[in-house]
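# Structural characterization, general
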Amino acid sequence: MSEPTTFQAPIGTHDVLGPASAEWEGVVATFAQLAYRFGFELAVTPMFEELGVFHRGIGEHSDVARKEMYVFEDRGQRQYALRPEGTAPIVRAFVQHGPATPWKAWYVTPAFRYERPQAGRYRQHHQLGVEVLGTDDPALDVEVIALALRFYQALGLVRVRLIINSMGHDECRAAYVERLRRHLLANVAGLCVDHQDVWHENPLRVLDCKKPECVAVTSAGPMLIDFICEECREHFDRVVRGLDSIGIESELNPRLVRGFDYYTRTTFEYVADSLVGSQNSIGGGGRYDKLAEQLGGRPTSGVGFGSGIERVLLARAAEEVEPRNLVNRTLDLFVIDTTGEDVATVLVDELRSAGFATDRAYDRRSMKAQMKAADRSGARFALLVGPQEWAAGEVTIRDLRSDDYEQAQRRIARDDVALSLANLLND
RNA sequence: GUGGGCGUAGCUCAGUUGGUUAGAGCGCCAGGUUGUGGUCCUGGAGGCCGCGGGUUCGACCCCCGUCGCUCACCCCA
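One structure accompanies this document, and this report is about it. In this text the structure is predicted, and so the values were computed from the model without any measurement.

Rules and cut-offs
Here the residue numbers are simple positions, counted from 1 along each chain's written sequence. As they are written, the chains are lettered A onward and the ligands numbered 1 onward, keeping that order. Since the coordinates come from a predicted model, pLDDT governs what is reported: local features require at least 70, and pairs of side-chain atoms require 80 or more to be given and counted, while whole-chain, interface and lining totals use all residues. Hydrogens and water are ignored here; the side-chain numbers use all heavy atoms of the structure. Fitting a line to C-alpha atoms yields each axis, with helices limited to the stretch in contact; the angle taken between N-to-C directions then spans 0 to 180 degrees. Going along the chain from the N terminus, every DSSP run of H or I of four or more residues is numbered as a helix, and every run of E of two or more is numbered as a strand. Comment on the angle field: the value is read as roughly parallel under 35 degrees, roughly antiparallel over 145, roughly perpendicular from 65 to 115, and oblique elsewhere. It is the rotation of the near helix from the far one that decides the hand of a crossing: anticlockwise by less than a right angle makes it left-handed, clockwise makes it right-handed. In what follows, a contact means two residues having at least one pair of non-hydrogen atoms within 4.5 Å. Throughout this entry, Asp, Glu, Lys and Arg are counted as charged residues, while Ala, Val, Leu, Ile, Met, Phe, Trp, Tyr, Cys and Pro are counted as nonpolar. The remaining residues, Gly among them, count as polar. A pair of strands counts as paired when DSSP detects no fewer than two bridges linking them. Nearness here has a simple test: a residue counts as near a molecule or strand if at least one of its heavy atoms is within 4 Å of that partner. Here a polar contact means two N or O atoms within 3.5 Å. Within protein one must be a hydrogen donor candidate and the other an acceptor candidate, and residues neighboring in sequence count only if both atoms are side-chain atoms. Whether a residue is buried, partly exposed or exposed follows from its accessible area with a 1.4 Å probe, protein chains only, as a fraction of its type maximum: under 20%, in between, or over 50%, in that order. To count toward a patch, a residue needs a relative accessible area over 30% and no salt bridge; like charges are then connected within 9 Å, while nonpolar side chains (Val, Leu, Ile, Met, Phe, Trp, Tyr) are connected within 5 Å. Note on areas: Shrake-Rupley with a 1.4 Å probe; residue coverage comes only from the protein chains shown. We define a salt bridge as a side-chain nitrogen of Lys or Arg found within 4 Å of a carboxyl oxygen belonging to Asp or Glu. The charge count includes Lys and Arg as positive and Asp and Glu as negative, but it does not include His or the ends of the chains. By convention, the point assigned to a charge is CZ for Arg, NZ for Lys, CD for Glu and CG for Asp.

## Things to note about the packing of helix α5 (residues 138-154) against helix α10 (residues 230-245)
Two elements in contact, α5 and α10, have axes separated by 8 Å at closest approach and are oriented at 45°. Classified by the angle between their axes, α5 and α10 sit oblique to one another. Considering how the two elements wind past one another, α5 and α10 form a crossing that is right-handed. Between α5 and α10, the contacting residues are Pro138, Asp141, Val142 and Ile145 on the first element and His235, Arg238, Val239, Gly242 and Leu243 on the second. Grouping the amino acids of the contact of α5 with α10 by side-chain chemistry returns five nonpolar, two polar and two charged.

## Here we look at the sheet that holds strand β1 (residues 41-42)
Strand order in the open sheet formed by eight strands is β1-β5-β6-β11-β10-β9-β7-β8, with mixed pairing between adjacent strands. Of all the strands in the sheet, just β1 and β8 (251-252) have a single pairing partner and so form its edges. The pairing of strand β10 (residues 281-287) with strand β11 (residues 302-308) spans five bridges and is classified as antiparallel. Following the sheet pairing, Gly283 is matched in β11 by Ser307. Each of β5 (103-112), β6 (124-133), β9 (264-272), β10 and β11 touches helix α12 (residues 309-318); the most contacted strand, β11, lies at about 55° to it.

## Comments concerning the sheet that holds strand β3 (residues 71-73)
Pairing is antiparallel across the open sheet formed by three strands, whose spatial order is β2-β4-β3. Two strands close off the open sheet at either side, each with one partner strand: β2 (48-50) and β3. Between one strand and the next, the sheet's axes are offset by a mean angle of 35°, whatever the strand orientation. Strand direction decides the pairing type here: β2 and strand β4 (residues 79-82), joined by three bridges, are antiparallel. For Glu49, the partnering residue across the bridge sits in β4 and is Ala81. Along the sheet, helix α2 (residues 51-59) contacts β2, β3 and β4; its crossing angle with β2, the most-contacted strand, is approximately 80°.

## Topic: the protein's contact with RNA strand B
Of all residues adjacent to RNA strand B, which total 49 residues, the nearest are Arg113, Arg121, Gly259, Ser278 and Met367. The protein-proximal atoms of RNA strand B, defined as those within 4 Å of the protein, are 52% sugar or phosphate. A distance of 3.0 Å separates a base oxygen of RNA strand B from a polar atom in the side chain of Lys368. Measuring from a base oxygen of RNA strand B, one finds a side-chain N or O atom of Gln409 at 2.7 Å.

## Thoughts on the pairing of β10
In terms of burial, β10 is largely enclosed, as six of its seven residues are buried. Bridge analysis of β9 against β10 gives six bridges, and the strand direction is antiparallel. Along β10, the bridge assignment pairs Thr267 with Gly286.

## Overview of a positive patch on the surface
Where like charges cluster on the molecular surface, the positive patch consists of Arg365, Lys368, Lys372 and Arg376. Mapped onto the fold, Lys372 is located in helix α14 (residues 367-377).

Limitation: the analysis is restricted to geometry and does not speak to function.
In structure tokens, the structure reads:
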């Protein structure tokens, strides 16, 4: 391949620029606000970790670890991986620093997976999520699941469904996997071509297969939810009852098996019915009571979820949610300077310091060009400063939403700008 | 990793059986308007027709390769 003359973003990545970035910013701000309200603090951890964090976290044999991770060696011959998901790094940080429990942390982060891109699937996507470490109280499963739903609701999503399952703890799960293995062995011939050979590596994956052949085989077989121990059952029931008590409907799906090995007990997924099947999972998570130990820490329960920003935006588009601004990014004022002395530099600095969102034109362009720029900026008011006004210590303030030349503008003393503007904006 | 569709201006796209200076709309810049935007009119800038090779007197057009985008399978957010 010859060196290209221009560059573009790497395969499967995308640039987020305005005006789409405003919606992005709104989604993140909405989540941050909600996380704060739920008692979570922000946690920022590195974009890459030692490879072992993910091998021991999400499981060496998971699809993501096997064929989707960006693994690299640094100049010191250390093996690292770009984070393919958000949970393992947070738990690594928890183990390393030992914050007081329950530790409730939220994050926003890119996630990297080497996949063939398609709608709603990227090599770099972005996730918002929360994790709680230090207690196995089912009330926290409920809280985490509720936070996710409140988030979707705040974004205006309606066609969102919660599906839930229990993976049991490691012992009931191991016993179940044995049963499932025996069942699959007895029915290998009936499995779909993709699972004929690989079913024994991770029998649980077959449950997730949508091919009719596999569905036929597994639906005749044992379901994990029927084999979990008494404590796991009790935990699960308390989660479902808790959700019910705050009006959150959950739908048991005994086939729900998520792709990371660290899950125990509660697992859940939010499905957007406005999206097509292959990309309709907009968020998911669950409990991981063994993960801290696997990463070398003391036994510590945990529960959390992650949601994909791109998926959430796809769902908003699919539901045709009004693109109302989640954050206000309207300029208050646009300064138009025709004095030839660059007084705009002084004025914008003054007004910005006074708290007004202010912009201006550059390059000493014509009045007409500056007015066009003001119009395009979406600013509420224009501040016109010409040589005569400036000499008289005055400026003209003009309402850009009005088309009435006489009514829309008036001259005021330069020193009164901040006060007048504040009054006008309050009207 | 497998398969389908598509690469022409900043954006959305035309481009005749292969024919010489490659077009439109939107956007951008300037003027019409001697300080006044959003409408209108006029003019202008902006293209290695993704890249490389081949066929041909001649290629945006046909063939091969390649890179990229996109959609789907798989898996996930």
